[in-house]
Amino acid sequence: MSLKGRDIVAITDLDINEIEIILKEAERMVPAARGEVKNDLLSGKILASLFFEASTRTRLSFETAMHRLGGDVITIAGQEGSSLIKGETLADTIRMAEGYSDIIAIRHPKEGAARLSATFSRIPVINGGDGAGQHPTQTLLDLFTIQQNHGDISKLHVTIGGDLKYGRTTHSLSLALGRMGARMTFVAPKRIQMVDHILDDLNRMDASFEMAYDIKDTIEDTDVLYMTRIQKERFPDVEEYMKVAGGFRITAEMLEPAKKNMIVMHPLPRVDEIHFSVDDTPHAKYFQQAFNGVPVRMALLHLLLEE
Ligand code: NCD
């Protein structure tokens, strides 16, 4: 089935075969993503990049991806730069963007905002993160990075640590890994362990996962350690945040018992979950992961806009 014209709101909007198609296309995009070859596959097309919440990597790599494909970009960066702040509804904003562009990438602090946008838009909508909901394009670049380093994902043990309650990247990633047959361990303080609705989905798909409370217990047997930031901005009160802040940190020393080819990933930004000492170890792959946002988003934009 063609991906042309589709919305990508949740990672489960794509089946495994479609994910593989995107990852293969991403591989082909790498030289153009690096700027080594010129490419104008999307010349004449416009991406509306609507980011109503803070972003560095996601917005910039979406925009770089569109430029590297010879397309153009219009941008809203932050609610204060748009009429949402004047009280315009999201629906009206989307109707405008639809008239000005060919495809929309949206980030919004409210869970469900991307799905709502997709219902109002006749052009494809890509979710660049909706509150504590999902972040499917992050998952695509995460999977791409895992494949680059390990090949077959189904044989891997992935430890996902940090804020699994509010961390949307972990929601999308675990649903994808679960379907691909990887084994997962969720490591988090109790208050921010994986949310029930994701656990229910994982159980329904018969995914293999367990819970742990200390990375030290799982490190030796892990192929991918996926760390995440405590999502401070999503805690309903500061007291709740203070109870979990700072309790989760890895250092180079902690990684000594790990397998040689174990990789450490992080969607970034990191606050203090990964000590700088890890950066100099061969395990650190988070900067490679951040670059991969460009070829993966190029692949996605191309497949959603062209046959
Ligand atoms: C993540 C996000 O926005 O969900 N960042 C990203 O897109 N690379 C992770 C985070 O903010 O902690």
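Residues numbered from 1 in each chain as written. Predicted model: local features only at pLDDT ≥ 70, side-chain atom pairs only at ≥ 80, totals over all residues. Heavy atoms only, no water.

What follows is about the overall build of the protein chain. Each helix and strand in the protein chain was counted, giving 10 helices and nine strands. Against the globule reference of 19 Å for 307 residues, the protein chain gives a C-alpha radius of gyration of 19 Å, in line with a compact fold. In terms of overall dimensions, the protein chain has a C-alpha envelope of 55 × 45 × 40 Å along the principal axes. For the protein chain, restricting intrachain contacts to residue pairs at least 6 apart in sequence, the fraction spanning at least 24 positions comes to 72%. (Helix = DSSP H or I, 4+ residues; strand = E, 2+ residues; numbered from the N terminus. Rg over C-alpha atoms; globule rule 2.2 N^0.38 Å. Contact = heavy atoms within 4.5 Å.)

The residue Arg6 is located in the segment before helix H1 (16-33) in this model. Residue Arg6 is classed as buried on the basis of its relative accessible area of 15%. At 3.1 Å, the side chain of Arg6 and the backbone oxygen of Asp13 are in polar contact. The residues contacting Arg6, other than those within four sequence positions of it, are Met1, Asp13, Leu14, Glu18, Pro124, Val125 and Leu304. (Buried < 20%, exposed > 50% of the residue type's maximum accessible area, 1.4 Å probe, protein only. Polar contact = N/O pair within 3.5 Å; in protein donor to acceptor, adjacent residues only side chain to side chain.)

The immediate surroundings of the ligand are formed by Arg57, Thr58, Arg107, His135, Gln138, Arg168, Thr169, Arg229, Gln231, Pro267, Leu268 and Pro269. Here an oxygen atom of the ligand and a side-chain polar atom of Thr58 are 2.9 Å apart. Here the ligand occupies the largest pocket. Tallied by class, the residues present in the shell around the ligand amount to three nonpolar, five polar and four charged. Two domains each donate at least three residues to the shell around the ligand, and these are domain 1 (11-134 + 292-305) and domain 2 (136-290). (Near = heavy atom within 4 Å. 1 Å grid on protein atoms, 1.4 Å probe; cavity = no way out; pocket = protein on both sides within 12 Å on 5 of 7 lines; lining within 4 Å. Sits in = over half its atoms within 2 Å of the grid points. Nonpolar A, V, L, I, M, F, W, Y, C, P; charged D, E, K, R; others polar. Domains from an automatic or database assignment.)

Turning our eyes to something else, we now look at unusual backbone geometry. Omega for the peptide link from Leu268 to Pro269 comes to 5°, which places this bond in the cis form. Inspection of the secondary structure assignment puts Pro269 in the loop between strand S9 (263-265) and helix H9 (286-291). The phi angle at Asp206 is positive, at roughly 65°, despite the residue not being glycine. With respect to the helices and strands, the residue Asp206 is situated in the loop between helix H7 (196-204) and strand S7 (208-212). The residue Leu268 is not glycine, and still its phi comes out positive at about 65°. The residue Leu268 is located in the loop between S9 and H9 in this model.

Looking now at the packing of H1 against helix H5 (residues 136-150). Orientation of H1 relative to H5, taken along the N-to-C sense of each, is 70°, at an axis distance of 10 Å. Judged by the inter-axis angle, H1 sits roughly perpendicular to H5. Residue-level inspection shows Ile19, Glu20, Ile22, Leu23, Ala26, Glu27 and Val30 of H1 in contact with H5, the latter providing Leu140, Leu143, Phe144 and Gln147. Grouping the amino acids of the contact of H1 with H5 by side-chain chemistry returns eight nonpolar, one polar and two charged. (Axes fitted to C-alpha atoms, helices over the stretch in contact; angles between N-to-C directions. Parallel < 35°, antiparallel > 145°, perpendicular 65-115°, else oblique.)

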